Amino acid sequence: MEQGNLGLHSQEIMTAGIRSNDEIGVLAQIFEKTIHRLKGYIGEIATVLEAISQGDLAVSTTQNYVGDFTSIKMSLDDILNRLNSTMSQIVESSDHVSNGSRQMAIGSQALSQGAVEQAGAVEELEESVRNISNQVKETAANAQQARQRVDYVGGQLYESNQKMQEMIQAMQEISESSNEIGKIIKTIETIASQTNILALNAAVEASRAGESGKGFAVVAEEVRELAAQSATASKTTSELIERSIAAVGHGSRIASETATQLETAVSGVSEIIDTTNVIADASRTQADHVAQVQDRISQISQVVQTNSATAEESAATSEELSSQAKLLKNLISMFRVKGA
């Protein structure tokens, strides 16, 4: 006993080897009972501790501990109860962690995949908006050029209308002058007719005068021929002037109609200018708005890329957590608790 040998490992039954009815015999029996009790206690304690070391927490003390040895039983039972309670909670927690980490890993993978797809969609959207922005800018530039050209054409039409008004005014003046010339021609025709009559009268009087009136008759004939020529020229000139007046009147009507059409065209061009200005301003405003949208989408793209990277990191972390949870569960599965 003093050397710690109670026959536990050698399966030897330790006895005092003394049989007597005196005090020595009684003391020997007491030692034998003490050895047997200590051997049972130590054996059970060793068995319990070995089971604990092997992860078996379902063991328990079965012997009847007496005296101060009851504190050992209470301590072992308390240790076993605490270990069972703690390990049961750890097993339950590890199950929750394992299930949660597995679901988290699945969710993180889905989130990562969704983030990648979203990033791709945002990139495509950004490219589309960039193309739209370029087209809107080009449209705005074309609208600006169209406005300048329409302004130029409108100015040309306005000047043409002014020139047409001036031409109408000039043709009216020509018509008035032609009318005055016609009146003068009429006067010349009247004078020529009267001169012809006077020349006839002079010829008659010259023939009556006989030989003395022959020279006057020649002069009268010349005057008559000149009067006839004047009348013919006046008639021809009058006809030309009448045709000119008719042509001027026809030209005036055409010019008036053209002026009316030009005024309509100028009015239409003015409306086109106003509409073009509205289109140009709207195109410029749209270009500015599309540029703002493009900036916002670029910011969203950066955020989505950041979220995608974060989701990938979270997925990797979840995978690692799931792996660690499996490892923890495998380690805990080495323990056997009560009720399991």
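Residues numbered from 1 in each chain as written. Predicted model: local features only at pLDDT ≥ 70, side-chain atom pairs only at ≥ 80, totals over all residues. Heavy atoms only, no water.

Engineer: Even after reading the chapter, I still don't get a nonpolar patch on the surface, so can you show me in this structure?
Structural biologist: Taken together, the side chains of V26, L27, I30 and F31 make up a nonpolar region of the molecular surface, amounting to roughly 350 Å² of accessible area. Take L27: it is sitting in helix α1 (residues 23–53). Judged by its relative accessible area of 42%, L27 is partly exposed. (Patch = residues over 30% accessible without salt bridge, like charges linked within 9 Å, V, L, I, M, F, W, Y side chains within 5 Å. Areas by Shrake-Rupley, 256 points an atom, 1.4 Å probe, with all protein chains shown as cover. Salt bridge = Lys/Arg side-chain N within 4 Å of Asp/Glu carboxyl O. Helix = DSSP H or I, 4+ residues; strand = E, 2+ residues; numbered from the N terminus. Buried < 20%, exposed > 50% of the residue type's maximum accessible area, 1.4 Å probe, protein only.)

Engineer: What is the right way to read the nonpolar core from this model?
Structural biologist: In this structure, V48, I52, L57, V59, L80 and M87 are the most contacted members of the largest nonpolar core, which totals 13 residues. Taken together, the elements giving at least two residues each to this core come down to α1 and α2 (70–209). The element contributing the most residues to this core is α1, with 5 residues. In this structure, I52 is in contact with L57, L80 and L83, ignoring residues within four places of it in sequence. A119, V136, V290 and V304 belong to the second largest nonpolar core, which has 8 residues in total. (Core = buried A, V, L, I, M, F, W, Y, C linked by side-chain atoms within 4.5 Å. Contact = heavy atoms within 4.5 Å.)

Engineer: How should I be thinking about the side chain of D56 in this particular structure?
Structural biologist: Relative to the helices and strands, D56 resides in the loop between α1 and α2. You can call D56 buried: its relative accessible area is 18%. Within the structure, D56 has its side chain in polar contact with the backbone nitrogen of A58 (distance 3.1 Å). With sequence-adjacent residues up to four places away left out, D56 is seen in contact with A51 and R336. (Polar contact = N/O pair within 3.5 Å; in protein donor to acceptor, adjacent residues only side chain to side chain.)

Engineer: Hey, could you run me through the packing of aromatic side chains in this one?
Structural biologist: Pairs of aromatic rings are described using the distance from one ring centre to the other and the angle between the two planes. If you walk through the whole model with that rule in mind, you get 2 aromatic pairs. Ring geometry for Y41 versus Y65: centroids 4.3 Å apart, planes at 10°, classification stacked. Of this pair, Y41 sits in helix α1 while Y65 sits in the loop between α1 and α2, placing them 24 residues apart in sequence. In terms of burial, Y41 and Y65 fall into one category: buried. Among the aromatic residues, ring-to-ring pairing joins Y41, Y65 and F69 into one connected group. (Phe/Tyr/Trp six-rings, centres within 6.5 Å; stacked < 30°, edge-to-face > 60°.)

Engineer: Please explain the confidence of the model for the protein as it appears in this structure.
Structural biologist: Low-pLDDT portions of the prediction should not be read for the details of their coordinates. Mean pLDDT over the protein stands at 78; residues scoring 70 or higher make up 93%. Mean pLDDT values over the elements of the protein span from 76, in helix α3 (residues 214–332), up to 86, in α1. (pLDDT = per-residue confidence, 0-100.)

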